[in-house]
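Descriptive analysis of the structure
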Amino acid sequence: MRKSIILLLLCLSAALFATACGKKDEENGNVTGTPKPTSAPTLTTTPVPTTPTPGNEAADGEPIDMEAFLTGIAKANPNADPDAIVGEILKSPYFALFAAKKIHYDWGSQYLGMTDDSAFLGKGKDACACETAGGSGALVYVFAPEKPEDAQGIADALRANAEPEWMGNEKEGILDGQVCLVIDGKVYFAMYDTKMKPVTGTVAEKARDLTGIFRECLTKDPKASCLSIAEYLVGHQKFNEVYAGAVKEGTLTGFGDMENEVTITGFAEGAAVKPMMSPNLFICYVFRVSDGKSTAEFVDMLRDKANLNWNVCMTADTIITETDGNTVLFIMCSENEG
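The paragraphs below set out a description of the structure included in this document. What you see is a predicted model; the values in this text were computed from it and never measured. The written sequence of each chain sets the order in which its residues are numbered from 1. Under the rules for a predicted model, residues below a pLDDT of 70 receive no local features and side-chain atom pairs below 80 are neither given nor counted, while totals for whole chains, interfaces and linings still include all residues. Heavy atoms from the whole structure form the basis of all side-chain values; hydrogens and water molecules are not counted.

A few words on the overall build of the chain. To qualify as a helix, a DSSP run of H or I must reach at least 4 residues; to qualify as a strand, a run of E must reach at least 2; elements of each kind are numbered from the N terminus. Of regular secondary structure, the chain possesses 7 helices and 10 strands. A total of 338 residues make up the chain; the buried ones form 42% of that total. Residue contacts are defined here by distance: any two heavy atoms, one from each residue, within 4.5 Å place the two residues in contact. Once local pairs closer than 6 in sequence are excluded, the contacts in the chain between residues at least 24 apart make up 62%. For the chain, the computed accessible surface area is about 19100 Å², with 52% contributed by carbon and sulfur atoms. Remark: exposure states derive from per-residue accessible area (1.4 Å probe, protein chains only) relative to the maximum for the residue type, with buried under 20%, exposed over 50%, and partly exposed in between. Only the protein chains shown count as cover for residues, with accessible areas throughout obtained via the Shrake-Rupley method and a probe of 1.4 Å.

Listed below in structure tokens is the structure:
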């Protein structure tokens, strides 16, 4: 009997010990069948490229890395001539406002932005892309010398003769960057604004294109001021050298003449896009019609008072108007002369 009691007590002790151990394991999170992790999980990351592929730079809107850009263009077009390379450069959104330019003219040699071109004139093929519509004068040259050994001399001459303020003082100091590279016997030279960013949206190549850009601007910002719309138009066209400025009710260029002066009223806000140089047949206005006034009647008044011969020595042939709500775009130009 005593032996049976001792055996029973031993069994009970073993059971209590097993229960206590299981409870301890649960409290420590070491439940049977759930192994402990041996290390932290590994995250796989994809490296971000630091140099954009030419033509795909507009994604982040960062200022241009000109050296990286030109190096990429050179590597992508090792056997192309300068004209073809400039064509590739112009495909980039950074150069949406640039245009291919004739470098020297019949009346004498002249390389844009250079004080003296004797060191590189006539030493091979060359091409240029230049931004003159906005008045900065930023440019890129590509030279392919007949003799590869001349490449370094041309590069040195470009650096020595570059004139950042060659377009005048309108935007003095804006061309604060220069890059000059000799790659595979070609010379790549850029004089540019280091804050230059890619242009997004449509770029006008003729006056009539501005109607779509006008609507594009108001779609982005329906409450945009007339001046900001005018500035948007200036920054999205490449056919003329122009600037934007606010205007008020009164006498405005392009309406009436010296013998028959007229006043333009009926708008609460206005801005003009005017050419930097005259004579020039292009003129453009953005108006916001006053509350309570008819937009259609305001447009009819502009057309009636517009003077196609406002420039005296030149005559425009086209009036273009576009409306978006109570905002009016008015353009006078000569479409027959480009």
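Now, onward.
The next subject is the environment of Gly87. Among the secondary structure elements, Gly87 is positioned in helix α3 (residues 82-89). Classification of Gly87 by relative accessible area gives partly exposed; the value is 30%. Sequence separation between Gly87 and Ala100 is 13 residues; the distance between their C-alpha atoms is 7.7 Å.

With that settled, consider the sheet that holds strand β1 (residues 99-101). One requirement defines pairing of two strands: DSSP has to find at least two bridges between them. Strands sit in the order β1-β2-β3-β5-β4 across an open sheet of 5 strands; the sheet is antiparallel. Unpaired on one side and paired on the other, β1 and β4 (177-183) mark the two borders of the sheet. When the angles between neighbouring strand axes are averaged without regard to direction, this sheet yields 15 degrees. Examined bridge by bridge, strand β3 (residues 138-145) and strand β5 (residues 186-192) share 5 bridges and lie antiparallel to one another. The partner of Phe143 across the bridge, within β5, is Val187. Fitted lines through C-alpha atoms give the axes, limited to the stretch in contact for helices. The angle between two N-to-C directions lies from 0 to 180 degrees. This element, α3, spans β1, β2 (124-131), β3 and β5 of the sheet and lies at about 20 degrees to β2.

Reading across from one edge, β6-β7-β8-β10-β9 is the order of the 5 strands in this open sheet, with antiparallel pairing throughout. Pairing within the sheet leaves two strands with one partner each, and these edge strands are β6 (242-247) and β9 (318-324). Pairwise comparison of adjacent strand axes, ignoring direction, gives a mean angle of 15 degrees for this sheet. Bridge analysis of strand β7 (residues 267-275) against strand β8 (residues 283-289) gives 6 bridges, and the strand direction is antiparallel. Across the sheet, the residue bridging to Val273 is Cys284, located in β8.

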